[in-house]
Amino acid sequence: MGKFCQNDEDSKENKTEFSLVRVKGTWKCKLGKTITKDTADCVSAAKIYESITDKGTSWTVVSPIILTYKVTETWGLLDPGNDTLLLGHITNVQQLEDIKKSKKPIKRFIVVDQEVYKIYGPKLTEYLEANNVLHKILALPTTEENKSMEMALKILYEVNNFSLDRRTEPIIAIGGGVCLDIVGLAASLYRRRTPYIRVPTTLLSYIDASIGAKTGVNFANCKNKLGAYIPPAAAFLDLSFIQTVPRRHISNGLAEMLKMALMKHRGLFELLEEHGYMLLDTKFQADTSVYAHSNLKPASQATRIAIMTMLEELAPNLWEDDLNRLVDFGHLISPALEMQVLPSLLHGEAVNIDMSYMVYVSQESGLLTEDEKQRIISCMLGLELPVWHEACTIELIEKSLQDRLKHSGGLVRMPLPEGLGQADIFNNTSHEILHRAYKKWCDELNACSDSSCSIVY
C-alpha cells in the first residue's frame, strides 16, 4: 500500500501499511510492493500500520487468528484398540505418522470427575496402560458448588508437577460441563495456552459445554464470572457414557436440546415431542426390549441436529463479538435462579424454567399461539423438566433483565420463539407484557405442584 498523506484541520498524518515477512528466521516489516518470492521465506497474514502525526507515532497491529478444533462422535472411546482419545486431535498427517513411529511413550494428564472415576476409573487405567501411556489421573469433585478458581489452581499445581509439554501433550478432561469448564480454564492459563481435550460424560455437556470455546468458573456468587474463550483441541463424544447417567441428568441435558429446537429446528422439536420419553427410558442407547431398534435413529438424529445447530451459532461468533445470540434463550434469568437455589436445581432445569416463562412472554407478545405455547409446555413436562419454581419471582426476573443490560451493550437482547423452530432477538418487550406473562405463568403452572402435572419440584 505504501505511504500516503491525509490532511485534516488539525494535523497531517502519514500512514504506512507494512507486511510482515520472515527471512532467515527473523520477521521484518516490508512495504507490500517490495515483497517477492526471492526476498521472503514466508509472508504473514498479520499487518502493522504505522501512523505519524505532529503529536507522535502509533502502531496498529492486525493479527488474524484462525482456530481449528474437532468435534468427533465415536464409539468405544476407552477401547484399548481405539486411539482417538490419544491421537484423534492431530490434523497434520506427517505429525501423526511421526508419533506412531516414535518409540517415545505418549504422556497425558487426565482430570476426571470423581463420580465418573468411580465407574470408569479401572477402564480408563486399563486403556492408558494398554497403550503404554505415561499418565497422571486426577479425580476431583467437579460440582457447581466447587466450580471455583481454587479448583482450577489445584489442577494447575498438579499439571506443573507432572511437567507437560505445552504444545504436544494436551490435558484431557473427562466429566460433565463443570469439569470441562474448569479444566478448560486451567489449560488456557497454564503457559498461556496448553491444548486440552474434552470428553463429555453427561448429555448436557455432550451437546453444549463440550463443543464451544467457553471456559470458566464461578466468582463472587455469579455463574462463570471468570473465564476465557479458548476452544479445545478436540471434543470426543461417546454416547455410551450416557448409559450410566441418572435419569434426572438425561432430562437435564434434554433442556439444552429443546432450547436449540425452539430457536432453530422445528423437526428437532417434533422429534423430542414424539420420542422424548423413549429417549429418557433408553438413555440414548440401543435397546432391544421395549423399544426394539426404533430408538437408535431418534437418538442419533437428536444429538446430531442439536450439535449442528449449536455449531452454526457458535462458529461465526466464537468470541461473542455479536451479542445478539439465539443460544442465550433460557439463559437470561436462569444463572441467577440457579445460583440462588444451588444445589437444588441442575443447570438444564434452571434453563428450562427460564424458557418456560419466556414462552409465556412470547405468547403474550403475539409471537406464539396458545396452541403452540401449550405444545411447548407439554413437551417440557414430557421430558420431565420443571416448568415453574417459587424462587423465580418477578423481582428476580426484573433484576436479571436489568443486569443483562449492563453486560449486553445497554440492550436486553431477549431471544424469543416465533412459532416452533424459529426465533428472533427483541429489545422492546414492555414491562406490562412481562408482568402479564408472569401472572399467567404462575396461575397456570404453579398447579404443577399438585397431581395435575406429572412432575413435582
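Scroll up to find the structure.
What counts and what doesn't
Residues numbered from 1 in each chain as written. Predicted model: local features only at pLDDT ≥ 70, side-chain atom pairs only at ≥ 80, totals over all residues. Heavy atoms only, no water. Helix = DSSP H or I, 4+ residues; strand = E, 2+ residues; numbered from the N terminus. Buried < 20%, exposed > 50% of the residue type's maximum accessible area, 1.4 Å probe, protein only. Contact = heavy atoms within 4.5 Å. Areas by Shrake-Rupley, 256 points an atom, 1.4 Å probe, with all protein chains shown as cover. Lys, Arg positive; Asp, Glu negative; His and termini not counted. Charge placed at Lys NZ, Arg CZ, Asp CG, Glu CD. Pairing = 2+ DSSP bridges. Axes fitted to C-alpha atoms, helices over the stretch in contact; angles between N-to-C directions. Salt bridge = Lys/Arg side-chain N within 4 Å of Asp/Glu carboxyl O. Parallel < 35°, antiparallel > 145°, perpendicular 65-115°, else oblique. Nonpolar A, V, L, I, M, F, W, Y, C, P; charged D, E, K, R; others polar. Patch = residues over 30% accessible without salt bridge, like charges linked within 9 Å, V, L, I, M, F, W, Y side chains within 5 Å. Polar contact = N/O pair within 3.5 Å; in protein donor to acceptor, adjacent residues only side chain to side chain. Left-handed = near helix turned anticlockwise from the far one by under 90°. Phe/Tyr/Trp six-rings, centres within 6.5 Å; stacked < 30°, edge-to-face > 60°. Lys NZ or Arg CZ within 6 Å of the ring centre and 35° of its normal. Expected span 1.5 Å × (residues − 1). Arc of directions from axis to C-beta.

K.L.:
Outline the overall build of the protein chain, supporting the account with residue identities and numerical values.
P.N.:
Looking only at helices and strands, the protein chain has 14 helices and 15 strands in total. Across its three principal directions, the C-alpha atoms of the protein chain cover 80 × 70 × 40 Å. When burial is assessed residue by residue, the protein chain has 50% of its 457 residues classed as buried. Restricting the contact set of the protein chain to residue pairs at least 6 apart, pairs at least 24 apart contribute 69%. Per element, the accessible surface of the protein chain, about 22,200 Å² overall, is 51% carbon and sulfur. Side chains of the protein chain carry 50 positive and 57 negative charges; the gap between the two charge centres is 10 Å.

K.L.:
Outline the sheet that holds strand S9 (residues 171–175), supporting the account with residue identities and numerical values.
P.N.:
Strand order in the open sheet formed by 6 strands is S6-S13-S10-S9-S7-S8, with parallel pairing between adjacent strands. In this open sheet, the two edge strands, each paired with only one partner strand, are strand S6 (70–73) and strand S8 (134–140). Ignoring which end each strand starts from, the neighbouring axes of this sheet average 15° apart. When strand S7 (residues 107–113) meets S9, the two strands line up parallel, connected through 3 bridges. The partner of Val112 across the bridge, within S9, is Ile174. Set on the sheet, helix H4 (residues 149–162) makes contact with S7, S8 and S9; between it and S8 the angle comes to about 165°. Docked against the sheet, helix H5 (residues 177–189) engages S7, S9 and strand S10 (196–200), running at close to 165° with respect to S9.

K.L.:
Mind laying out the pattern of salt bridges, listing which residues take part and the relevant values?
P.N.:
Per the stated rule, a full pass over the model turns up 26 salt bridges. When the shortest N-O distance is used, the salt bridge between Glu349 and Arg248 registers 2.6 Å. Taken together, the positions of Glu349 in helix H11 (residues 347–364) and Arg248 in helix H7 (residues 247–264) put the pair 101 residues apart, joining distant regions of the chain. With a relative accessible area of 1%, Glu349 lands in the buried category. By relative accessible area, Arg248 is classed as partly exposed at 36%. The shortest N-O distance in the salt bridge between Asp403 and Lys399 comes to 3.1 Å.

K.L.:
Describe the packing of H7 against helix H8 (residues 266–282), with residues and values.
P.N.:
It is the contact of H7 with H8, at a shortest axis distance of 9 Å, that shows an interaxial angle of 170°. Taken together, the axes of H7 and H8 lie roughly antiparallel to each other. Contacts between H7 and H8 involve Arg247, Ile250, Ser251, Leu254, Met257, Leu258, Ala261, Leu262 and Lys264 from the first element and Arg266, Leu268, Phe269, Leu272, Tyr277, Leu279, Leu280 and Asp281 from the second. In the contact of H7 with H8, the residues fall into 12 nonpolar, 1 polar and 4 charged.

K.L.:
I'd like to hear about a positive patch on the surface, residue by residue, with values.
P.N.:
A cluster of basic residues, Arg167, Arg191, Arg192 and Arg193, forms a positive patch at the surface. Within the secondary structure layout, Arg191 lies in the loop between H5 and S10. Overall, Arg191 belongs to the partly exposed group, its relative accessible area being 47%.

K.L.:
How would you summarise the environment of Glu444 if you had to cite specific residues and measurements?
P.N.:
Among the secondary structure elements, Glu444 is positioned in helix H14 (residues 431–445). Glu444 sits in the partly exposed class, given a relative accessible area of 33%. Each C-alpha atom of the pair Glu444 and Ser430 lies 21 Å from the other, and the pair is 14 residues apart in sequence. Excluding its chain neighbours within four sequence positions, the residues that come into contact with Glu444 are Tyr360, Lys373 and Gln374. A polar contact is formed between the side chain of Glu444 and the side chain of Tyr360, at a distance of 2.6 Å. A polar side-chain atom of Glu444 sits 3.2 Å from a polar atom in the side chain of Lys373.

K.L.:
Tell me about the packing of helix H10 (residues 334–341) against H11, and please be specific about residues and values.
P.N.:
With their axes 9 Å apart at the nearest point, H10 and H11 run at an angle of 130° to one another. Considering their axes alone, H10 and H11 lie oblique with respect to each other. Taken as a pair, H10 and H11 cross one another with a handedness that is right-handed. Every residue of H11 that contacts H10 at Ser334, Leu337 and Glu338 is listed here: His347, Ala350, Val351, Ile353 and Asp354. Residue classes in the contact of H10 with H11 are distributed as 4 nonpolar, 2 polar and 2 charged.

K.L.:
Outline the packing of aromatic side chains, supporting the account with residue identities and numerical values.
P.N.:
Two measures describe an aromatic ring pair: the distance that separates the ring centres and the angle between the ring planes. Tallying each qualifying case throughout the model produces 6 aromatic pairs. Aromatic side chains Tyr357 and Tyr438 sit 6.3 Å apart centroid to centroid with 70° between the ring planes, which places their arrangement in the edge-to-face category. Highlighted residues: Tyr357 in helix H11 and Tyr438 in helix H14, separated in sequence by 81 residues. In terms of burial, Tyr357 and Tyr438 fall into one category: buried. Measuring from ring centre to ring centre gives 5.8 Å for Tyr438 and Trp441, while their planes differ by 50°; the resulting arrangement is tilted. You can see Tyr438 and its partner Trp441 sitting in helix H14, 3 residues apart, about one turn around the helix. Here Tyr438 matches Trp441 in class, with each residue buried. The rings of Tyr357, Trp388, Tyr438 and Trp441 are connected pair by pair, giving a single aromatic cluster. The cationic tip of Lys107 hangs over the ring face of Phe162; the distance from NZ or CZ to the ring centre is 4.8 Å. The ring of Tyr277 has Arg247 lying over it, and the distance from NZ or CZ to the ring centre is 5.1 Å.

K.L.:
Outline H4, listing residues and values.
P.N.:
Between its terminal C-alpha atoms H4 stretches 20 Å, which fits the 20 Å expected from 14 residues at 1.5 Å a residue. For H4, the set of buried residues is Met151, Ala152, Ile155, Leu156, Val159 and Phe162. The buried side chains of H4 occupy one side of the element, clustering within an arc of 140° when seen end-on. Turned more than 90 degrees from where H4 packs its buried face, Glu150, Tyr157 and Asn161 sit exposed. The inward-facing, buried residues of H4 contact S7, S8, S9 and H5. Looking one or two places after H4, you find Ser163, whose phi comes out positive at around 60°.

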